[in-house]
Amino acid sequence: MSNLQVQLVKKPDAKYPRVNDVFQVKTTSTPTATQLKDGEVLLENLYFSIDAAMRVWISGAKTYVDPVLPGNTMFGQAVSRVLASKSEKFQKGDYVIGIVNWTLYQITSDAKLHLVKRGGDIDDLTGYSLLGPLGISGLTAFVGFEAIGKPKEGETVVISAAAGAVGEIAVQLAKTYYKCKVIGIAGGPEKCDYVKKQLGAHDCIDYKNENLSKRLRELTPNGIHVYFDNVGGEMLDEILMHITDHTRIILCGAIATYNQTGEPYKVKNYPRLIIKRAVMQGFLYFDHPELFKPGQATITQMLKQGQMKIRYDVQNGLEQAPNGLAKLLLGQNNGKVVVKAKSDQPKL
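For clarity, every value in this text was computed on a predicted model and none was experimentally measured. (Residues numbered from 1 in each chain as written. Predicted model: local features only at pLDDT ≥ 70, side-chain atom pairs only at ≥ 80, totals over all residues. Heavy atoms only, no water.)

K.L.:
Quick question: what am I supposed to make of the packing of helix H3 (residues 136-149) against helix H4 (residues 165-177) here?
P.N.:
Their axes nearest at 8 Å, the elements H3 and H4 cross at an angle of 50°. Judged by the angle between their axes, H3 and H4 are oblique. For the pair H3 and H4, the crossing hand works out as right-handed. Every residue of H4 that contacts H3 at Ser137, Gly138, Thr140, Ala141, Phe142, Phe145 and Glu146 is listed here: Ala165, Val166, Ile169, Ala170, Leu173, Ala174 and Tyr177. When the residues that make up the contact of H3 with H4 are grouped by side-chain class, the tally is ten nonpolar, three polar and one charged. (Axes fitted to C-alpha atoms, helices over the stretch in contact; angles between N-to-C directions. Helix = DSSP H or I, 4+ residues; strand = E, 2+ residues; numbered from the N terminus. Parallel < 35°, antiparallel > 145°, perpendicular 65-115°, else oblique. Left-handed = near helix turned anticlockwise from the far one by under 90°. Contact = heavy atoms within 4.5 Å. Nonpolar A, V, L, I, M, F, W, Y, C, P; charged D, E, K, R; others polar.)

Structure below.
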């Protein structure tokens, strides 16, 4: 039984991700149950989440996770099956979620894992959902709104990267659950059509082909009450010119800055926060575990009632994970990017 492993071979430079040469895929030995220590499990990693924050992790910068350095195995959130266990928490056949290496099989501590299903089986769609609407993407959107945004019915909510994994969920929560007027921002007519016609946003600004300032003036004449920021940079600066009294700005991501290699963009319009008595706050979804159950319950109900649509951009085979990340960073993805570790797994 062969084991694949994805390693970072060099720090990304200005050419990445257009030139996708920072990872290598290796064949390594497969760990066995005899190597387990107390409190450890042997995993088969099935489905991987691809997230924009990974661009920061491979830059060498110290953030809320240790950086991935050249020679290290890449890691991320995944749904895995327990093949063998010396843990009191998990048993053989359990399905778990947690931060694991980009490898098919591995031994890891049970402290890093959470149970999602005891025994039986899960299909592809369930695996993807645990990483998307019921996992990191959905919880990020819900926690951002509940902890910082606190939208009120009838308010105007603007969401950048609205066709992305977090953005598409944020749009639908803001529209259906919070009952707000929702303006999306996305790149290109195809993505904007999706945000309006499929996700139900009241309108969408194509920042690649439209004047952002002019369109914001037209669509938010009374100002923006809540801004869900996935982009940062110049777009955030422009948004600050359109906030109203007591606006709440949710700092979720800054994908516009992730590939910058020179001097980072400096936000100039921050004095508007003072004038408008506004709040601008960053967050990490796992800081609010008390919101996990209500968030999952809310999103599950919306999915069951057909009130939430989710797209998955599936990469088949662990060896395609580096391409999935590059695709996401280039804005070429359609929805949540996930990797099905073995392309020969049963299809839906």
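K.L.:
When you look at the environment of Asn269 in this model, what are you seeing that I'm missing?
P.N.:
Summarising the element assignment, Asn269 is placed in the loop between strand E12 (243-251) and helix H8 (271-275). A relative accessible area of 22% places Asn269 in the partly exposed class. Each C-alpha atom, one on Asn269 and one on Asp237, is 5.7 Å from the other, the two residues being 32 residues apart in sequence. Excluding residues that lie within four positions of it along the chain, Asn269 makes contacts with Asp237, Leu240 and Met241. (Buried < 20%, exposed > 50% of the residue type's maximum accessible area, 1.4 Å probe, protein only.)

K.L.:
Can you help me understand the pattern of salt bridges in this one?
P.N.:
Side-chain pairs of opposite charge can arise whenever the charged atoms involved come near each other. This model, assessed by the stated rule, comprises 17 salt bridges. Arg248 is the salt-bridge partner of Glu155, the closest N and O atoms lying 2.7 Å from each other. Taken together, the residues span a long stretch of sequence, with Glu155 in the loop between H3 and strand E8 (156-159) and Arg248 in strand E12 at a distance of 93 residues. Residue class for Glu155 comes out buried when judged on its relative accessible area of 11%. In this structure, Asp245 engages Arg277 in a salt bridge whose closest nitrogen and oxygen atoms are separated by 3.6 Å. Taken together, the positions of Asp245 in strand E12 and Arg277 in the loop between H8 and strand E13 (279-282) put the pair 32 residues apart, joining distant regions of the chain. Taking relative accessible area as the criterion, Asp245 reaches 37% and is therefore assigned partly exposed. Sharing partners across several salt bridges, the network here consists of Asp203, Glu210, Lys214, Arg215 and Glu218. (Salt bridge = Lys/Arg side-chain N within 4 Å of Asp/Glu carboxyl O.)

K.L.:
What should I look at first to understand the environment of Phe48 in this one?
P.N.:
With respect to the secondary-structure elements, Phe48 resides in strand E3 (residues 40-49). For Phe48, a relative accessible area of 0% gives the class buried. For the pair formed by Phe48 and Asp313, sequence separation is 265 residues and the distance between their alpha carbons is 12 Å. Excluding its chain neighbours within four sequence positions, the residues that come into contact with Phe48 are Gln77, Ala78, Val100, Asn101, Trp102, Thr103, Leu131, Leu318, Val337, Val338, Val339 and Ala341.

K.L.:
Would you mind going over the sheet that holds E13 with me for this structure?
P.N.:
Working definition: the strands of a sheet are paired by backbone hydrogen bonds and lie parallel or antiparallel to each other. Judged by pairing direction, the sheet is parallel, and its six strands sit side by side in the order E10-E9-E8-E11-E12-E13 without closing on themselves. Both outer strands of the open sheet, strand E10 (203-206) and E13, are each paired with one neighbouring strand and no more. When the angles between neighbouring strand axes are averaged without regard to direction, this sheet yields 15°. Two strands pair when backbone bridges link them, and E8 and strand E11 (residues 224-229) are joined in this way by three bridges, in the parallel orientation. Its bridge partner being in E11, Val158 is matched across the sheet by Tyr227. The sheet strands contacting H4 are E8, strand E9 (181-186) and E11, and the helix crosses E8 at an angle near 170°. The sheet contacts of helix H5 (residues 189-198) involve E9 and E10, and relative to E10 the element is tilted by about 165°. (Pairing = 2+ DSSP bridges.)

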